[in-house]
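Examination of the molecular architecture
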Amino acid sequence: MPTPNRKQDLNSPASPSSPTPSRKSTSASAAPPSPAPRGPTPPTAETAYHKRLRAILLEHKRFRKEWNELVIRGCLARTRAAIEIWADVENGLKHVDRDGADSNAGKVAVRAGYLFHQSSRLSEQTATIYAVLASLEELLFNMNQLAERAESLVIEAAKTRGTAFAFREPLWVTWPLARFSDGIQSLTAPYTPSLILVRTLIETLTTFPALPSALEDKPKKELGPVKPRPKPEEIQAAMSLLAVQPLLPGKGAEGAEAWEETLAVEVGGWA
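These figures come from a predicted structure and were not determined experimentally. (Residues numbered from 1 in each chain as written. Predicted model: local features only at pLDDT ≥ 70, side-chain atom pairs only at ≥ 80, totals over all residues. Heavy atoms only, no water.)

Evaluation of the coordinates by the stated rule reveals six aromatic pairs. Clustering of aromatic rings is evident, with ring pairs tying together Trp172, Trp175, Phe180 and Trp259. Sitting over the face of the ring of Phe165, Arg161 holds its NZ or CZ atom 4.3 Å from the ring centroid. (Phe/Tyr/Trp six-rings, centres within 6.5 Å; stacked < 30°, edge-to-face > 60°. Lys NZ or Arg CZ within 6 Å of the ring centre and 35° of its normal.)

This paragraph deals with the confidence of the model for the protein. Taken as a whole, the protein shows an average pLDDT of 81; of its residues, 73% reach a score of 70 or greater. The element-level mean pLDDT for the protein is lowest in helix α2 (residues 23-30), coming to 42, with helix α5 (residues 163-167) highest at 97. Counting contacts from residues 1-37, a segment whose pLDDT is below 50, to residues more than four positions away or on other chains yields three contacts. (pLDDT = per-residue confidence, 0-100. Helix = DSSP H or I, 4+ residues; strand = E, 2+ residues; numbered from the N terminus. Contact = heavy atoms within 4.5 Å.)

Our next topic: helix α8 (residues 232-244). Over its 13 residues, α8 extends 19 Å from the first C-alpha to the last, a length consistent with the 18 Å expected when each residue adds 1.5 Å. Within α8 the residues assigned to the buried category are Ile235, Ala238, Met239 and Leu242. The arc that holds the buried residues of α8, viewed along the axis, is 100°, so those residues lie on one side. Turned more than 90 degrees off the buried face of α8, the exposed positions are Glu233, Gln236 and Val244. At the exit of α8 stands Gln245, carrying a positive phi of roughly 50°. (Expected span 1.5 Å × (residues − 1). Buried < 20%, exposed > 50% of the residue type's maximum accessible area, 1.4 Å probe, protein only. Arc of directions from axis to C-beta.)

Enumeration over the complete set of coordinates arrives at seven salt bridges. The salt bridge partner of Glu260 is Lys61, with a shortest N-O separation of 3.7 Å. Highlighted residues: Glu260 in helix α9 (residues 256-266) and Lys61 in helix α3 (residues 48-99), separated in sequence by 199 residues. Among the ionic contacts, a cluster of salt bridges with common partners joins Glu59, Arg62 and Arg149. (Salt bridge = Lys/Arg side-chain N within 4 Å of Asp/Glu carboxyl O.)

Turning our eyes to something else, we now look at the environment of Val267. In this fold, Val267 is placed in the segment after α9. You can call Val267 buried: its relative accessible area is 3%. For the pair formed by Val267 and Trp172, sequence separation is 95 residues and the distance between their alpha carbons is 5.9 Å. Ignoring sequence-local partners within four residues, the contact set of Val267 consists of Arg54, Leu57, Trp172 and Phe180.

Let's shift gears to the nonpolar core. Grouped together as the largest cluster of nonpolar side chains are 59 residues, with contacts concentrated most on Leu53, Leu57, Trp67, Leu136, Phe180 and Leu242. For this core, the secondary-structure elements that each account for two or more residues are α3, α4 (104-160), α5, α6 (177-188), α7 (191-205), α8 and α9. Every residue in contact with Leu57, bar those within four places of it in the chain, is listed here: Phe180, Ile184, Trp259, Leu263, Val267 and Trp270. (Core = buried A, V, L, I, M, F, W, Y, C linked by side-chain atoms within 4.5 Å.)

Shown next as structure tokens:
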């Protein structure tokens with residue numbers, strides 16, 4: 001039997017029993033699988049640096065929340081109460097002078113009792129306001145301490161794990177450790193000028209003239225310059241600034257809201 005021609009076999013069409021795979025199916029089967037998207041570092045793979053940074057971030061969040069509560073519920077609310085006490089003093093003295101006791105001695109007694117009571121209330125309220133200011137100063141100190149701890153954490157990580165781990169490699173998702181530290185620094189910095197503004201506004205709002213004595217309608221003349229009571233429109237403007245805290249970025253790209261949205265994505269297990 002003659003041997004088949006190999007050249008003829010190679011050039012002839014393939015037989016139905018041995019189909020040639022199409023180019024499309026070959027390329028599809030040879031293509032490498034797409035890499036799965038990188039998720040956050042699982043808790044089991046977290047290092048001590050993950051845990052220490054998360055603790056710093058959570059504490060910083062708590063301090064910022066406490067700051068807002070102190071300014072709104074502490075400074076603003078108590079300053080408004082002090083202003084209302086002073087308004088009551090002015091209106092009350094007019095009422096005592098107009099409808100007081102018939103005798104001069106009775107009028108003096110009523111004025112003395114009323115002024116003593118309202119002066120005590122005003123002094124207590126003012127002292128509480130400045131105690132809140134002291135708490136704000138302590139909070140600012142604590143936030144600055146956290147910023148320094150975050151920076152020290154980066155330096156330590158660079159020494160023990162290498163600069164790539166500290167400055168380039170993602171810690172959880174995409175941000176490296178150093179970027180978190182920079183973010184804490186940027187978020188903390190505006191609180192220093194904000195505290196200065198809050199203190200200035202409080203000093204303006206708690207400037208009250210000296211109360212008159214029980215025997216005199218006018219207050220005694222004080223030695224040295226006396227700071228005048230702000231006008232109503234100045235009081236309203238100061239109260240608005242105290243409520244808004246304009247030196248703290250709120251909804252901007254560098255504000256606390258954007259920061260929290262970023263942490264919800266970049267920090268594993270963030271709540």
